[in-house]
Amino acid sequence: MPSALHITDTTVIVTTPASASDSSEWNGPCVLDGNANVTYIGGGRYPALKVGVKSGDSTHSVTLKDNAKLYCLQDDMDAPSPSSVNGLDIFQATPILLQNNSYLEAQGKAGSGEYVGYAITSKGDITVKDKAEIKATAYGVAIGTGGSVEISGGTVTADSKGSNGIYADGTLTISNGATVNASGYWPALFGNGGVSISDSQVEATSSNDIGIFSRDEIAITNSIVKANAADDSDGIGAWNTISVRGSWIETTGSEDYNGGITGSVLFNGNSGTVIGNATLLGDTTLDKGKTLLIPEGTSLTVGEGKTFTNRGTVTVQGSFSADGGTVDCTSHSGGTATCAAQALCDACHKPYGDLAPANHTALTHMEAKAATTEAEGNIEYWYCEGCGKYYSDGTAATEITKEQIVTAKLKPQETATPTPAPTEQPAATAAPAATVQATATPQPTATATPQPTAAATPAPTPKAVPTIPQTGDNSSVTLLFALLLLSGGAYLGMAASKKAKQ
């Protein structure tokens, strides 16, 4: 009689006693859907849940869909067991499919001997689709299969304390926006038949080996991959070729993929370089302490709707643009400050930092110009249009004021006026007075005065007019002196005539 299991919209909890035998088992097609919530807790000696044990039944399968959840846990995963105690142990080639928003969590127990438990172990294929999620934690392999692992969307977290995070004997394929975080002692991601990562985000950390490994080839396209490896180990390694296209790769190793990388960003340790023309197709963060160089002839573009978060140092020699994306920058770098403007960050193109008072980019030399009576002149000087300051030298070492560059207008030249010869002062008029006294009529001797007879009054004797030296100036001053002398002489003549009549 064939077996089958279908659990929907139901909560089931199964706790296995430590004394119980190996009894938790599913066979045939097993489906959990709706809001089914099923939990198995192991007793410490056997797997928490086994599926596909029944031989001769080719219908074995496990399908989780809708919002279904399955937990395969240990009573105490850190308590060592003398044997390998797995979380979900799948026999034969039974496939596992998680789709929609389903969830699977499993634990592999610690071991006291050579063997340790796996979280999920299978011989068939394991497929994760849509927004489904797997969380696997183990001391052995976290997720291991003899088939292939395909993660097409969704989220997978696989943590192994002593082996691989994810091991697929077939191929390991991660695509369609999936997010994978794996860690292990050996390669965190091991796809024996090849590893393909596209349009996804992957972080793989190995404490003792290569981060991502294949005995075949590895192809990475349009993805963000961080591979952390042990010292002196490559972050990503393959026996055949490694090709990287349009991706952001951070590796702790020194590998360069022998020219197999184009249109991408490659970090070796904390130093990153853009190779070709790269576009970020996912949200990306440049961590503090990391540097990114965009060499001349290369470019980096933040894809539309994506965010580039800069906490490190970006140096742009080629070109960098957001192009519809967003740049979140808290660690500004690059650009050149001037006397008038702050530097512009190479990453976000926003101004930052202080001005550079000594960096004048618009310094103009002005020749000296002589002043005239009509206009002021100026000394030789240099003027910066950026900061509006004046300098006396071409290196802008000595600042001067605007007033100091100006030389004053020249005063107009005065024309010499001839100085007139000195004129005779009033003292020169004393000479005529002396002359008048010398030529005055002598007083008559007192005698009997005869009766006067009518007679004409004698005319006064003309007085000599002193000659005034010629100065060559026939000015009104000279004329005035002459008139004064004439009037003085007439007055003296009249006085003498009056006395004669007496």
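Calculation criteria
- Residues numbered from 1 in each chain as written.
- Predicted model: local features only at pLDDT ≥ 70, side-chain atom pairs only at ≥ 80, totals over all residues.
- Heavy atoms only, no water.
- Pairing = 2+ DSSP bridges.
- Helix = DSSP H or I, 4+ residues; strand = E, 2+ residues; numbered from the N terminus.
- 1 Å grid on protein atoms, 1.4 Å probe; cavity = no way out; pocket = protein on both sides within 12 Å on 5 of 7 lines; lining within 4 Å.
- Points joined across faces, edges and corners; volume = space filled by probe spheres on them.
- Nonpolar A, V, L, I, M, F, W, Y, C, P; charged D, E, K, R; others polar.
- Buried < 20%, exposed > 50% of the residue type's maximum accessible area, 1.4 Å probe, protein only.
- Core = buried A, V, L, I, M, F, W, Y, C linked by side-chain atoms within 4.5 Å.
- Contact = heavy atoms within 4.5 Å.

Q: Please explain the sheet that holds strand β41 (residues 363-366) as it appears in this structure.
A: In a beta sheet, neighbouring strands pair by backbone hydrogen bonds and run either parallel or antiparallel. Spatially, β41-β43-β44-β45 is the arrangement adopted by the four strands of the open sheet, whose pairing is antiparallel. Looking at the sheet topology across the chains shown, the edges are occupied by β41 and β45 (399-400). Of the pairings in the sheet, the one linking strand β44 (residues 390-391) to β45 comprises two bridges and is antiparallel in character. Each bridged residue has a counterpart across the sheet, and for Tyr 390 the counterpart in β45 is Ile 400.

Q: Hey, could you run me through empty space enclosed by the protein in this one?
A: Empty space among the atoms becomes visible once a probe the size of a water molecule is rolled across them. A complete count under the given rule lists two cavities of 30 Å³ or more for this structure. Considered as a void within the structure, the largest cavity measures approximately 80 Å³ in volume. Along the walls of the largest cavity sit 15 residues, with Thr 16, Ser 21, Gly 43, Tyr 46 and Pro 47 positioned nearest its centre. Counted by class, the lining of the largest cavity contains six nonpolar, seven polar and two charged residues. There is about 30 Å³ of room inside the second largest cavity. As for the second largest cavity, its lining consists of Ile 126, Val 128, Ile 134, Ile 143, Val 149, Ile 151, Val 156 and Ile 166. Looking at the lining of the second largest cavity, the elements with two or more residues in it are β13 (126-138) and β15 (149-160). Looking at the lining of the second largest cavity residue by residue, the classes come out as eight nonpolar, no polar and no charged.

Q: Would you mind showing me how to read the pairing of strand β33 (residues 291-294) here?
A: Every regular strand shows the same layout, with side chains that alternate between the two sheet faces. Because side chains alternate across β33, one face comprises the buried residues Leu 292 and Ile 294, and the other comprises Thr 291 and Leu 293, none of which is buried. Bridge analysis of strand β30 (residues 271-275) against β33 gives three bridges, and the strand direction is parallel. Paired with Ser 271 across the two strands is Thr 291, which belongs to β33. Here four bridges tie β33 to strand β36 (residues 313-316), and the two strands are oriented parallel to one another. Residue Leu 292 lies in a different strand from β36, and its bridge partner there is Val 314.

Q: Where do I start with the nonpolar core in this structure?
A: A general trend in soluble globular proteins is that nonpolar side chains are found buried together. With 60 residues, the main nonpolar core has Ile 120, Ile 134, Ile 166, Leu 189, Ile 212 and Ile 236 as its most contacted residues. Contact partners of Ile 134, with chain neighbours within four places excluded, come to Leu 98, Leu 104, Ile 120, Ile 126, Val 128, Ile 143, Thr 155, Val 156 and Thr 157. Residues Phe 267, Ile 294, Val 302 and Cys 329 belong to the second largest nonpolar core, which totals 20 residues.

Q: I keep staring at the sheet that holds strand β14 (residues 143-145) and nothing clicks. Help me out?
A: The strand order across the open sheet built from nine strands is β3-β6-β9-β12-β14-β16-β19-β22-β25, with neighbouring strands paired in parallel fashion. Each edge of the open sheet is held by one strand with a lone partner, namely β3 (25-26) and β25 (236-238). Both β14 and strand β16 (residues 166-168) contribute to a ladder of three bridges, which runs parallel. By the bridge assignment, Ile 143 is partnered in β16 with Ile 166.

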